[in-house]
Amino acid sequence: NPNLRWHDGGAESMDKGVVAAEFQLGSGRMHIVAVHSFPFHRFRRSPSDSSFGAVWDEMAVTIDAVAFDGRTVVLGDFNASDRSLLTRRLRIQMSSAMSGIVTHADLAADDILFTDDLVLDAGPFGLWDFSDHLACIVDVACIT
């Protein structure tokens, strides 16, 4: 938590994080990673500010720890439009399913990333319903 605060001290950032799970699919595995980053825009801060480097580094370390053998999908509320803040820190290559689609206010805040041994089978689809963010939906398939 970078302890972001409003100028009057009336609000501050809460802990956010990364969670990863492994699923057995027949003889193979798949990893799903969920990311929720800080609402930088609400604190009038840029997610590319060097003081947030540790936030992006920690996300990358967690993703790399499970994605090293492929078949990984990252579901993320990044609260940033520049996906390279994360992807340039990764040791593995990931593609964006949402490709810059605005998902909150004027930000492409949310995305679904996937490793190169997966392909986009359908989508992306979005659903405005129960959240202030667009629900991002895709179908992915294994190449091998």
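Cut-offs applied
Residues numbered from 1 in each chain as written. Predicted model: local features only at pLDDT ≥ 70, side-chain atom pairs only at ≥ 80, totals over all residues. Heavy atoms only, no water. Helix = DSSP H or I, 4+ residues; strand = E, 2+ residues; numbered from the N terminus. Buried < 20%, exposed > 50% of the residue type's maximum accessible area, 1.4 Å probe, protein only. Patch = residues over 30% accessible without salt bridge, like charges linked within 9 Å, V, L, I, M, F, W, Y side chains within 5 Å. Areas by Shrake-Rupley, 256 points an atom, 1.4 Å probe, with all protein chains shown as cover. Salt bridge = Lys/Arg side-chain N within 4 Å of Asp/Glu carboxyl O. Pairing = 2+ DSSP bridges. Axes fitted to C-alpha atoms, helices over the stretch in contact; angles between N-to-C directions. Polar contact = N/O pair within 3.5 Å; in protein donor to acceptor, adjacent residues only side chain to side chain. Contact = heavy atoms within 4.5 Å.

Next up on the list: the overall build of the chain. The helix and strand inventory of the chain stands at 2 helices and 7 strands. Reading the helices (α) and strands (β) of the chain from amino to carboxyl end gives β-β-α-β-α-β-β-β-β. Taking all 144 residues of the chain together, the buried fraction comes to 40%.

This part covers a nonpolar patch on the surface. Taken together, the side chains of Phe-125, Leu-127, Phe-130 and Ile-137 present a nonpolar region at the surface, about 420 Å² in accessible area. For Ile-137, the location among the structural elements is in strand β7 (residues 135–142).

Sheet architecture is open: 5 strands sit in the order β1-β2-β3-β5-β4, paired in mixed fashion. The strands lining the two open edges of the sheet, one partner per strand, are β1 (17–25) and β4 (94–96). Recorded for the sheet is a direction-independent mean angle of 20° between the axes of neighbouring strands. Relative to strand β5 (residues 110–115), β4 runs antiparallel, the two being bridged by 3 bridges. Bridge pairing in β5 places Ser-95 opposite Phe-114.

This next bit is on the pattern of salt bridges. Counted according to the given criterion, the structure contains 5 salt bridges. Arg-89 serves as the salt-bridge partner of Asp-57, at 2.6 Å between the closest nitrogen and oxygen. Taken together, the positions of Asp-57 in helix α1 (residues 53–67) and Arg-89 in the loop between α2 (84–87) and β4 put the pair 32 residues apart, joining distant regions of the chain. Residue classification places Asp-57 among the partly exposed residues on the basis of a relative accessible area of 37%. Arg-89 gets classed as partly exposed once you look at its relative accessible area, which sits at 25%. Between Asp-64 and Arg-91 there is a salt bridge, with its nearest N and O atoms 3.5 Å apart. Here Asp-64, found in helix α1, pairs with Arg-91, found in the loop between α2 and β4; they are 27 residues apart in sequence, far enough to count as distant.

Looking now at the side chain of Asp-117. Along the chain, Asp-117 falls in the loop between β5 and β6 (118–127). A polar contact is formed between the side chain of Asp-117 and the backbone nitrogen of Arg-71, at a distance of 2.7 Å.

A few words now on the environment of Ala-80. Here Ala-80 is to be found in the loop between β3 (72–77) and α2. Taking the C-alpha atoms as reference points, Ala-80 and Leu-107, 27 residues apart in sequence, are found 6.5 Å from one another. Ignoring anything within four residues of it in the chain, the contact list for Ala-80 reads Pro-47, Trp-56, Leu-85, Ala-108 and Ala-109.

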